[in-house]
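Spelled out from the first residue to the last, the chains are:
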Amino acid sequence: MSEQLIQSDLPLIVCATRGGEGSRAAQQAAVQHAQEIEARLQFVYVVDESQIEGIDHVLRPALRKELLWIGRALVELAAKRGRLAGVSADIVVLEGSLREQLIAYLREHNVDTMYIGAPRGTTANIFGDEEIEQFALMVERESGAKVAVVRPEQLYAGEH
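Report on the accompanying structure.

The number of helices and strands found in the protein chain is 6 helices and 5 strands. Counting helices and strands in the order they occur from the N terminus, the protein chain gives α-β-α-β-α-β-α-β-α-β-α. Here the protein chain holds 160 residues, and 39% of them are scored as buried. Of the roughly 9,400 Å² of accessible surface on the protein chain, a fraction of 52% belongs to carbon and sulfur atoms.

As structure tokens, then:
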């Protein structure tokens, strides 16, 4: 049996990445989970052009290329950290609606868990009424994958 076939039989964890402390905390949690359950790990970045509405249409192609470059750099760095920790880590850069792309990807690849970082300044709310919590619940419901929201302060929890 080939190594690639064996690799594909392992559970898959996805870490949605966008940069910042929340994403770094999510990356760390995803790497740790992948180590614990011996899973494959994919760092995913979605370039959502709807986020650049209002930008002059002449500049949009250049901005799109920059966003793709930044996204690739962010997930390459995250994957390198994962590999240094001994985890099988790959990258994926998608284009389109963040919501639609993530849900389709999670469904198509039978993802076990997706990690996503909360922006700095959010608080854990047991009722899930913050935007990131609502997004996580919607993705969970529509994709079937578990979604874990990780906050930046969790990155430093073990350092004090």
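Of note, Ala29 is situated in helix α2 (residues 21–37). Among residues more than four places away in sequence, those in contact with Ala29 are Tyr115 and Val150.

Here α2 spans 24 Å end to end across 17 residues, near enough to the 24 Å set by a 1.5 Å rise per residue. Taken as a whole, α2 has its buried residues at Gly22, Ser23, Ala25, Ala26, Gln27, Ala30, Val31, His33 and Ala34. Taken from the residues just after α2, Glu38 is the one with a positive phi, measuring 55°.

By size, the foremost hydrophobic cluster in this structure holds 23 residues, and its most contacted members are Val14, Val44, Leu102, Leu106, Met114, Ile116 and Val139. Those elements giving two or more residues to this core turn out to be β1 (12–16), β2 (40–47), β3 (89–95), α4 (98–108), β4 (113–117), α5 (131–143) and β5 (146–150). Looking at this core element by element, the count peaks at 5 residues for α5.

We now examine the sheet that holds β4. Strand order in the open sheet formed by 5 strands is β3-β2-β1-β4-β5, and the pairing between neighbours is parallel. The strands lining the two open edges of the sheet, one partner per strand, are β3 and β5. Taken pair by pair, the neighbouring strands of this sheet meet at an average axis angle of 25°, ignoring direction. By the bridge criterion, 5 bridges tie β1 to β2 in an arrangement that is parallel. Its bridge partner lying in β2, Ala16 is registered against Val44.

A side chain with one charge may pair with a side chain of the opposite charge, provided their charged atoms come close. If you walk through the whole model with that rule in mind, you get 6 salt bridges. Glu95 serves as the salt-bridge partner of Arg64, at 2.7 Å between the closest nitrogen and oxygen. One end of the pair, Arg64, is in helix α3 (residues 60–84); the other, Glu95, is in strand β3, with 31 residues separating them in the sequence. A residue is classified by how much of its surface remains accessible, and Arg64, at 27% relative accessible area, is partly exposed. Owing to a relative accessible area of 35%, Glu95 belongs among the partly exposed residues under this scheme. Between Lys146 and Asp112 there is a salt bridge; the shortest N-O distance is 3.7 Å. Of this pair, Lys146 sits in strand β5 while Asp112 sits in the loop between α4 and β4; the two residues are 34 residues apart in sequence, bridging distant segments of the chain. One salt-bridge network, in which partners are shared between bridges, spans Glu49, Arg64 and Glu95.

Conventions we followed
Residues numbered from 1 in each chain as written. Predicted model: local features only at pLDDT ≥ 70, side-chain atom pairs only at ≥ 80, totals over all residues. Heavy atoms only, no water. Helix = DSSP H or I, 4+ residues; strand = E, 2+ residues; numbered from the N terminus. Buried < 20%, exposed > 50% of the residue type's maximum accessible area, 1.4 Å probe, protein only. Areas by Shrake-Rupley, 256 points an atom, 1.4 Å probe, with all protein chains shown as cover. Contact = heavy atoms within 4.5 Å. Expected span 1.5 Å × (residues − 1). Core = buried A, V, L, I, M, F, W, Y, C linked by side-chain atoms within 4.5 Å. Pairing = 2+ DSSP bridges. Axes fitted to C-alpha atoms, helices over the stretch in contact; angles between N-to-C directions. Salt bridge = Lys/Arg side-chain N within 4 Å of Asp/Glu carboxyl O.

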